[in-house]
Amino acid sequence: MVDRLANSEANSKRIGMVESCFGAAGQPLAIPGRVLIGEGVLTKLCRKKPKARQFFLFNDILVYGNIVIQKKKYNKQHIIPLESVTIDTVPDEGDLRNGWLIKTPTKSFAVYAATATEKCEWMNHIGKCVKDLLQKSGKSPTGEHAAVWVPDSEASVCMRCLKVKFTAVNRRHHCRKCGYVVCNPCSEKKYLLPSQSSKPVRVCEFCYAQLTSGSLAPCSDSNNWSESRYNNNHLSDDEDEDDSSD
């Protein structure tokens, strides 16, 4: 189906409509061989709270953005190469149902569909696109993904020193390596994590010590904790928050 649609007029028009909805601020999306597989509104678990985002699945990339006017205007375009994506299902919890994880070396987050059927269709289509891309390129699946960010609401005190209480003055920060919510004194160090940024990023004291010592498993305690409690239901990032504190 993808090969049949690749050079079709209908596919070109659909991609053109997506480009026009993002306007001049969005990147061009039409390239030879690219096909728009599907689109829809998903609830993305952001740092502060879940928010509706418009998603577009192409055969080689996943695109999403903020909804300004449904089907007419979107902004803050994000483009994720599918070759770097791995997905995992998320157990239902409270009002957050029909979810799955989208994990990449740059960032990882959870999204939720309106129905179980919609979730199944999204996961199947994403999985098929990733599989086809890897087969064509001969590459192996990505083994590394960005840290889980513990949501702000889950931490009233620093998760490293366990002493500093968060207030309007004592702000929450996130370690880019382990995803813990930490206070400023516990996260004053920065370290270059090439998969996430071209500049050194904030890391906690624990992760900095492990990274600079050359440990092969720099945040084992953090990863185990987050995998068991959060990796299945609480992923977030702050890139598309109006208040993008770290």
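Structure's up top.
Residues numbered from 1 in each chain as written. Predicted model: local features only at pLDDT ≥ 70, side-chain atom pairs only at ≥ 80, totals over all residues. Heavy atoms only, no water.

Scanning the protein chain from terminus to terminus reveals five helices and eleven strands. Expressed as a percentage of the 246 residues in the protein chain, the buried residues total 46%. Partitioning the intrachain contacts of the protein chain with sequence separation of at least 6 by distance along the chain shows that 53% fall at a separation of at least 24. As displayed, the protein chain offers around 12700 Å² of accessible surface, 52% of which is attributable to carbon and sulfur atoms. (Helix = DSSP H or I, 4+ residues; strand = E, 2+ residues; numbered from the N terminus. Buried < 20%, exposed > 50% of the residue type's maximum accessible area, 1.4 Å probe, protein only. Contact = heavy atoms within 4.5 Å. Areas by Shrake-Rupley, 256 points an atom, 1.4 Å probe, with all protein chains shown as cover.)

Inspection of every chain in the model, using the stated rule, returns eight aromatic pairs. An angle of 50 degrees between the planes, with centres 5.7 Å apart, marks the rings of F22 and Y74 as tilted. Residue F22 is located in helix α2 (residues 9–22), and its partner Y74 is located in strand β4 (residues 73–81); the two are separated by 52 residues in the primary sequence. Judged by its relative accessible area of 6%, F22 falls in the buried class. Each member of the aromatic cluster is reached from another via a ring pair, and the members are F55, Y64, W100, F109 and W122. (Phe/Tyr/Trp six-rings, centres within 6.5 Å; stacked < 30°, edge-to-face > 60°.)

On to unusual backbone geometry, then. Phi is positive for K71, which is not a glycine, with a value near 65 degrees. When you line up the elements, K71 lands in the loop between β3 (61–69) and β4. Although it is not a glycine, L162 adopts a positive phi angle of roughly 60 degrees.

The next thing to look at is α2. Look at α2: 20 Å from first C-alpha to last across 14 residues, which is about the 20 Å you get at 1.5 Å a residue. Of the residues making up α2, those classed as buried are N11, I15, V18, C21 and F22. The arc that holds every buried residue of α2, seen down its axis, measures 115 degrees, which confines them to one face. Looking at α2, the residues exposed on the side facing more than 90 degrees away from the buried face are E9, K13 and M17. In the stretch just after α2, G23 is the one whose phi turns positive, near 70 degrees. (Expected span 1.5 Å × (residues − 1). Arc of directions from axis to C-beta.)

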